[in-house]
Amino acid sequence: MRFAFREMPSASGGALTPRPIVDIALEGLEVAPVACLLDTGALRTRMSAEIAPLAGIELTGDPAEEFYVGGVKTVGALARVTLTVTSDTDEFSWDAPVWFCDPWPHPFGLAGLEGFLHHFVVTINAYDGYLEIEPDSRHQDA
Amino acid sequence: MPSKEQGEIAFLAEVLYSRDGSESTLRRVAIGEPMPTMTVSGHQFNLESRSVETSLQGELPEPIHEHFVVINGRRWPPKQVLALVTGLDRADFTTHQARRALTRLGFPAGRAAGTRARHPGTSRAVAPRPSNASGADDPAVPLAEALRPFIGLWVAVRDDEVLVAAPAPAGVVAWLAKHGQRAQSMFRVVDSEQAITGAAPQ
């Protein structure tokens, strides 16, 4: 599956540097896949806590951790969620731990090692502005 | 509908984005221009562009099937707008009547690109897609430019078109569900490099 890097508008005109973004659908929120920044430096996969109730996920009583992200102290609550990525021809779903964070300063979710990168072989071609992901067959067989 | 004496209206209708999308522009309206009186479905209304813009605050554009008008930098179905500002039932007037009424107020109108060749049952929502000031059919714009009017808002996009924009993701999802639409991606539009820097926990 190939995802073109995504451009965002710059306040001063033009566009910001395109970023590697993957659209990940949560079970229960298939109509609006959440854009997630591919973050190879992040251990977890994290999203805004605002997203959870929209997917029918209740965070009460789930394990939580405090941490800093982007210089902001936040609290993440853990939930296991079925995630799906879709392209024109393929679809892949997997069960993953996602940390729903409040507050969440970022416009996207963060797709990190646990929850995303562990499930795929990822190729980043920044020169041409795209990334490709292929499900890791070893993970599927595990 | 509040009414003013004819001839006392003086206002500047703001057109949020210029043709090249680079800056806001102002469209001048002559001081003393009388408030247009129009008859819709047998009812007389004194409408002016400012009150129309005000009526749309807090509303989200419905999917565009073919015709649209551009108000506050967004595309709106003409019938939705006229129903909101007049309180009339949409069955009481046609799309063309609504479009004509709104263009008389100075709002640009257009037709969504490709609708004529599209199967009626597979229309794509392009409701709030930003438009140039003319509102005429325009070629596809880069996603970054399409997103520019929605900085700070949550958006749902599909095929490089903005389906809907709202202050919170709940508003976006509610709109998608209400109109039976499916997005490719949902996120908040930002305008600085710092806002989209990856952030490994410290």
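Residues numbered from 1 in each chain as written. Chains lettered and ligands numbered in written order. Predicted model: local features only at pLDDT ≥ 70, side-chain atom pairs only at ≥ 80, totals over all residues. Heavy atoms only, no water.

Novice: Explanation requested: the overall build of chain B in the structure shown.
Specialist: Per the secondary structure count, chain B includes 5 helices and 10 strands. Taken over 202 residues, chain B has a buried fraction of 48%. A sequence separation of at least 24 residues applies to 57% of the contacts in chain B between residues at least 6 apart. Of the roughly 9600 Å² of accessible surface on chain B, a fraction of 50% belongs to carbon and sulfur atoms. (Helix = DSSP H or I, 4+ residues; strand = E, 2+ residues; numbered from the N terminus. Buried < 20%, exposed > 50% of the residue type's maximum accessible area, 1.4 Å probe, protein only. Contact = heavy atoms within 4.5 Å. Areas by Shrake-Rupley, 256 points an atom, 1.4 Å probe, with all protein chains shown as cover.)

Novice: I tried to follow the packing of aromatic side chains on my own but got confused; where do I start?
Specialist: What describes a pair of aromatic rings is the distance from one ring centre to the other and the angle between the planes of the rings. Residue and element names in this part refer to chain A. Evaluated as defined, the whole model comprises 6 aromatic pairs over all chains. An angle of 15° between the planes, with centres 5.6 Å apart, marks the rings of Phe92 and Trp94 as stacked. Accessibility assignment for this pair places Phe92 and Trp94 in one class, buried. When the ring of Trp94 is compared with that of Phe120, the centres are 4.9 Å apart and the planes differ by 85°; the resulting orientation is edge-to-face. A residue pair is termed long-range when its members are at least 10 positions apart, and Trp94 in strand S7 (residues 91-102) and Phe120 in strand S9 (residues 120-125) qualify at 26 residues. Each member of the pair, Trp94 as well as Phe120, carries the same accessibility label: buried. Aromatic ring contacts, followed pair by pair, group Phe92, Trp94, Phe116 and Phe120 into a single cluster. The side chain of Arg2 reaches across the aromatic face of Tyr130, ending 3.7 Å from its centre. (Phe/Tyr/Trp six-rings, centres within 6.5 Å; stacked < 30°, edge-to-face > 60°. Lys NZ or Arg CZ within 6 Å of the ring centre and 35° of its normal.)

Novice: It is not clear to me how the pairing of strand S5 (residues 64-69) of chain A should be interpreted in this structure. Could you clarify?
Specialist: In the case of a regular strand, side chains alternate between the two sheet surfaces. Residues and elements named next belong to chain A. In this sheet, strand S6 (residues 72-86) lies alongside S5 in antiparallel orientation, the contact comprising 6 bridges. By the bridge assignment for S6, Val69 is matched with Val72. Hairpin connection between S5 and S6: a loop of 2 residues separates the two successive antiparallel strands, and Gly70 in this loop has a positive phi of roughly 60°. (Pairing = 2+ DSSP bridges.)

Novice: Teacher, can you tell me more about the side chain of Glu62 of chain B here?
Specialist: For Glu62 of chain B, the location among the structural elements is in the loop between helix H1 (49-55) and strand S5 (67-71). For Glu62 of chain B, a relative accessible area of 15% translates into the label buried.

Novice: Please explain the sheet that holds S5 of chain B as it appears in this structure.
Specialist: Note on sheets: strands pair through backbone hydrogen bonds, and any given pair is parallel or antiparallel. All names here are of chain B. Read from one edge to the other, the open sheet built from 3 strands follows the order S6-S5-S7, with strand pairing classed as antiparallel. Edge positions in the open sheet fall to strand S6 (74-76) and strand S7 (109-111), since each of these has one partner strand only. For this sheet the average axis-to-axis angle between neighbouring strands, irrespective of direction, equals 40°. Where S5 meets S7, 3 bridges bridge the pair, whose relative direction is antiparallel. Bridging across to S7, His67 finds its partner in Arg111. (Axes fitted to C-alpha atoms, helices over the stretch in contact; angles between N-to-C directions.)

Novice: Whenever I open this one, the sheet that holds strand S10 (residues 130-135) of chain A confuses me. Can you help?
Specialist: Residues and elements named next belong to chain A. Sheet architecture is open: 3 strands sit in the order S1-S10-S9, paired in antiparallel fashion. The open sheet has two free edges, formed respectively by strand S1 (2-4) and S9, since each of these has just one partner strand. Across this sheet, the average inter-strand angle for adjacent strands is 20°, counted without regard to direction.

Structural measurements only, silent on function.
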